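Coordinate inspection notes
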Amino acid sequence: MKKNNSKCQILPVLFGFFIMGFCDVVGITSMHVKEDLLGSYSPEFRDTLSNLIPVALFSMFLIFSVPTGMLMNKIGRKKTVLLSNIITIVAMFIPLIEYTFVMSLLAFALLGIANTILQVSLNPLLTNVVKGDKLTSSLTVGQFVKAISSFCGPFIAAFAAVQLGNWQYIFPIYALITLISTIWLMVTPIREELVTGKASSFGSVFSILKDKTILIFFLGIVCVVGVDVGINTAAPKILMERSGLNSIEAGYGPSMYFAFRTIGAFIGAILLAKYSPIRIFKIITAVAVLALIALVFTADKVVIFALYAIIGLAIANVFSIIFSLAIQSRPKKANEISGLMIMGVFGGAVIPFIMGLTSDMLGSQVGSILIILLSAIYLLFCAYLIKPKVALKN
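We now turn to the structure provided with this report. (Residues numbered from 1 in each chain as written. Predicted model: local features only at pLDDT ≥ 70, side-chain atom pairs only at ≥ 80, totals over all residues. Heavy atoms only, no water.)

We now examine the overall build of the chain. Looking only at helices and strands, the chain has 18 helices and 0 strands in total. Across the 394 residues in the chain, those meeting the buried criterion constitute 54%. Considering only contacts in the chain between residues 6 or more positions apart, those separated by 24 or more positions represent 84%. Carbon and sulfur atoms make up 69% of the accessible area of the chain, which amounts to about 17,200 Å² in all. (Helix = DSSP H or I, 4+ residues; strand = E, 2+ residues; numbered from the N terminus. Buried < 20%, exposed > 50% of the residue type's maximum accessible area, 1.4 Å probe, protein only. Contact = heavy atoms within 4.5 Å. Areas by Shrake-Rupley, 256 points an atom, 1.4 Å probe, with all protein chains shown as cover.)

In structure tokens:
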């Protein structure tokens with residue numbers, strides 16, 4: 001009976017990871033916004049403007065991570081997750097009310113706030129329904145659910161475009177899924193422990209950056225999220241520019257990336273149990289750099305899709321490796337470091353914005369690839385800069 005009760009509590013929490021994956025629709029959206037709303041703008045500014053969509057979303061991680069932790073201490077984890085779902089639903093209806101560039105920015109800024117709140121609160125909520133050795137595997141399942149959501153995004157958009165007549169109907173579909181998640185979690189009783197202790201402040205979190213090792217890890221998170229969002233954002237544009245695919249066909253580029261990123265996560269879970277994470281870190285970042293170099297020069301559609309798959313496999317475990325090494329480097333400051341690493345998701349705003357500027361300057365998506373490549377090169381640098389003793393430091 002207890003096992004059944006436990007499953008009833010775990011499932012709605014894990015389903016919340018599917019909502020977490022909605023932020024990855026930003027790649028498809030920026031492509032469609034460029035095509036639908038920015039046609040009258042000068043070509044020199046279209047990529048810069050369309051890439052403001054991921055900027056609007058991921059900049060919220062910098063602003064709302066620590067305040068969410070403070071709010072969670074006051075109202076509890078479950079209520080914080082429910083709040084994020086409500087904001088997500090509101091955000092999904094804004095483009096339907098008025099589909100303009102400004103309203104699209106507003107919608108994704110709200111989605112960024114919601115996703116920040118969700119990422120900060122959902123993992124701790126899982127600890128209230130899963131205990132002991134099962135926690136790590138449950139977190140892995142949660143990330144797998146998120147990856148499925150990211151993978152499905154382009155297919156849902158294609159279904160909305162072909163079957164419903166407009167790709168924008170992806171938003172009410174997402175709103176309905178979020179509503180189901182909200183109701184399911186709301187009716188599920190979850191007992192939360194009383195939170196004690198003082199919440200981290202902005203000052204206490206940023207002071208940790210004085211530690212050079214933590215600074216390297218933080219910039220690593222910025223770069224890996226930048227690579228992830230950068231590929232998501234640029235993948236369809238590259239296919240349209242080089243292979244002549246339409247926006248719907250090109251939308252499968254991110255799906256290829258997310259599919260192999262999901263596969264890579266499972267392969268990584270097996271390898272990381274047997275081999276040194278730093279050794280794996282060096283290999284996978286080297287593979288990512290080589291694949292991105294090849295992407296600069298190729299124009300063949302099949303090769304481009306294959307390179308997306310390779311990059312997805314290579315980049316799949318970089319975030320978790322950096323995150324775990326950062327925590328292990330100073331375990332007594334685990335909470336503060338966790339908050340700081342989540343703030344590093346802000347890289348999803350910075351890197352795409354620079355990509356847009358560069359691609360507009362060069363008049364080609366080569367500019368975007370070069371910025372992603374530079375981010376991957378930093379990750380390779382980071383992998384070789386880290387010493388094995390870091391993971392054992394107290």
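Counting residues in hydrophobic clusters, the biggest one holds 110 residues, and the most contacted among them are Phe108, Leu295 and Met341. It is helix 10 (residues 212-243) that provides the largest number of residues to this core, a total of 15 residues. Membership of the second largest hydrophobic core comes to 5 residues, among which are Ile87, Ile113, Ala114 and Ile117. (Core = buried A, V, L, I, M, F, W, Y, C linked by side-chain atoms within 4.5 Å.)

Attention now goes to the packing of aromatic side chains. Scanning the model with the defined rule gives 12 aromatic pairs in all. Here Tyr99 and Trp167 contribute two aromatic rings whose centre-to-centre distance is 6.1 Å and whose plane-to-plane angle is 70 degrees, an arrangement assigned as edge-to-face. You can see Tyr99 sitting in the loop between helix 5 (77-97) and helix 6 (101-126) and its partner Trp167 sitting in the loop between helix 7 (134-163) and helix 8 (170-186), a full 68 residues away along the chain. With relative accessibility at 6%, the residue Trp167 sits in the buried group. Taken together, the aromatic side chains of Phe15, Phe18, Phe22, Tyr174 and Trp184 make up a single cluster linked through ring pairs. (Phe/Tyr/Trp six-rings, centres within 6.5 Å; stacked < 30°, edge-to-face > 60°.)

Okay, the packing of helix 4 (residues 52-75) against helix 17 (residues 347-362) next. Contact geometry of helix 4 with helix 17 gives a least axis separation of 7 Å together with a crossing angle of 160 degrees. Taken together, the axis directions place helix 4 and helix 17 in an arrangement best described as roughly antiparallel. Between helix 4 and helix 17 lies a crossing whose hand is left-handed. In this structure, helix 4 uses Leu52, Pro54, Val55, Phe58 and Ser59 to contact helix 17, whose residues at the interface are Gly348, Ala349, Pro352 and Phe353. (Axes fitted to C-alpha atoms, helices over the stretch in contact; angles between N-to-C directions. Parallel < 35°, antiparallel > 145°, perpendicular 65-115°, else oblique. Left-handed = near helix turned anticlockwise from the far one by under 90°.)

Here the focus is the packing of helix 2 (residues 26-37) against helix 4. It is the contact of helix 2 with helix 4, at a shortest axis distance of 8 Å, that shows an interaxial angle of 145 degrees. Here Val26, Thr29, Ser30 and Val33 of helix 2 come into contact with helix 4, specifically with Ile53, Pro54, Leu57 and Phe58. Within the contact of helix 2 with helix 4, the residues separate by chemical class into 6 nonpolar, 2 polar and no charged. (Nonpolar A, V, L, I, M, F, W, Y, C, P; charged D, E, K, R; others polar.)

The subject of this paragraph is helix 4. Because each turn of an α-helix spans 3.6 residues, side chains separated by three or four positions end up pointing in the same direction. In a regular helix each residue adds 1.5 Å, so 24 residues correspond to 34 Å; helix 4 covers 33 Å between its end C-alpha atoms and thus fits that length. Approximately 50 degrees is the largest bend angle found in helix 4, and it occurs at Phe64, with the proline Pro67 only one to four residues beyond. Trailing helix 4 by a residue or two, Gly76 shows a phi angle of about 95 degrees, which is positive. (Expected span 1.5 Å × (residues − 1). Bend = angle between axes of the 7 residues up to and from the residue.)

Further remarks concern the pattern of salt bridges. Tallied over the full model, the rule gives 1 salt bridge. Measuring nitrogen to oxygen at the nearest pair gives 2.6 Å for the salt bridge that ties Arg261 to Asp228. You can see Arg261 sitting in helix 12 (residues 252-272) and its partner Asp228 sitting in helix 10, a full 33 residues away along the chain. Accessibility expressed as a relative area gives 14% for Asp228, which makes it buried. (Salt bridge = Lys/Arg side-chain N within 4 Å of Asp/Glu carboxyl O.)

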